[in-house]
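# Secondary and tertiary structure notes
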Amino acid sequence: DPECPVTTDQPEVLATAYVRSDRTLVAVANFAEEHRDIHLDVNWRQLGIALQNARVRAPDIEEVQEQTEFRPGDAIPVSAKRGWLLILEAGKQN
């Protein structure tokens, strides 16, 4: 979707964004047969978040993913046939 404010730099790794006024949930899914390191392409302005205050975090979800945090622009490792649920929001980096 060209209107989606979040995409990835890998054609086999897709991102879907669920935008709210205070944060955005991004579901990232790797459809490739192998591991990919991806970068998110985020339209921070469209999300209403200043890049210098942007936070990308993965909440702990039992048996799905461990809590972690990425900086905007970091490579995000995505295992084959796996993904991430990420929250994009304004706030302090940990």
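Above this text you will find the structure in question.
Cut-offs applied
- Residues numbered from 1 in each chain as written.
- Predicted model: local features only at pLDDT ≥ 70, side-chain atom pairs only at ≥ 80, totals over all residues.
- Heavy atoms only, no water.
- Pairing = 2+ DSSP bridges.
- Helix = DSSP H or I, 4+ residues; strand = E, 2+ residues; numbered from the N terminus.
- Axes fitted to C-alpha atoms, helices over the stretch in contact; angles between N-to-C directions.
- Salt bridge = Lys/Arg side-chain N within 4 Å of Asp/Glu carboxyl O.
- Buried < 20%, exposed > 50% of the residue type's maximum accessible area, 1.4 Å probe, protein only.
- Core = buried A, V, L, I, M, F, W, Y, C linked by side-chain atoms within 4.5 Å.
- Contact = heavy atoms within 4.5 Å.

### Considerations on the sheet that holds strand β7 (residues 68-70)
Spatially, the five strands line up as an open sheet ordered β2-β3-β9-β6-β7, and their pairing is antiparallel. Edge positions in the sheet fall to β2 (13-19) and β7, since each has one partner strand and no second. Taken over all neighbouring pairs, the strand axes of this sheet differ in orientation by 25° on average, direction set aside. As paired elements, strand β6 (residues 54-58) and β7 share three bridges and run antiparallel to each other.

### What to know about the pattern of salt bridges
The tally for this structure, following the rule as stated, stands at seven salt bridges. Across the pair Glu-12 and Arg-36 runs a salt bridge, and its minimum N-O distance is 2.6 Å. Highlighted residues: Glu-12 in the loop between β1 (6-8) and β2 and Arg-36 in strand β4 (residues 36-38), separated in sequence by 24 residues. In this structure, Glu-69 engages Arg-55 in a salt bridge whose closest nitrogen and oxygen atoms are separated by 3.2 Å. Placement of the pair is Glu-69 in strand β7 and Arg-55 in strand β6, with a sequence separation of 14 residues. A relative accessible area of 17% places Arg-55 in the buried class. Connected via shared salt-bridge partners are Arg-55, Arg-57, Glu-69 and Glu-89.

### Observations regarding the nonpolar core
Within the largest apolar cluster, 22 residues are counted, with the highest numbers of intra-cluster contacts made by Val-28, Leu-86 and Leu-88. Elements supplying a minimum of two residues to this core: β2, β3 (23-30), β5 (40-42), α1 (44-47), β6, β8 (76-78) and β9 (83-90). With residues near it in sequence (within four places) discarded, Leu-88 still touches Val-6, Arg-23, Thr-24, Val-26, Val-42, Trp-44, Leu-47, Ile-49, Arg-55 and Val-56.

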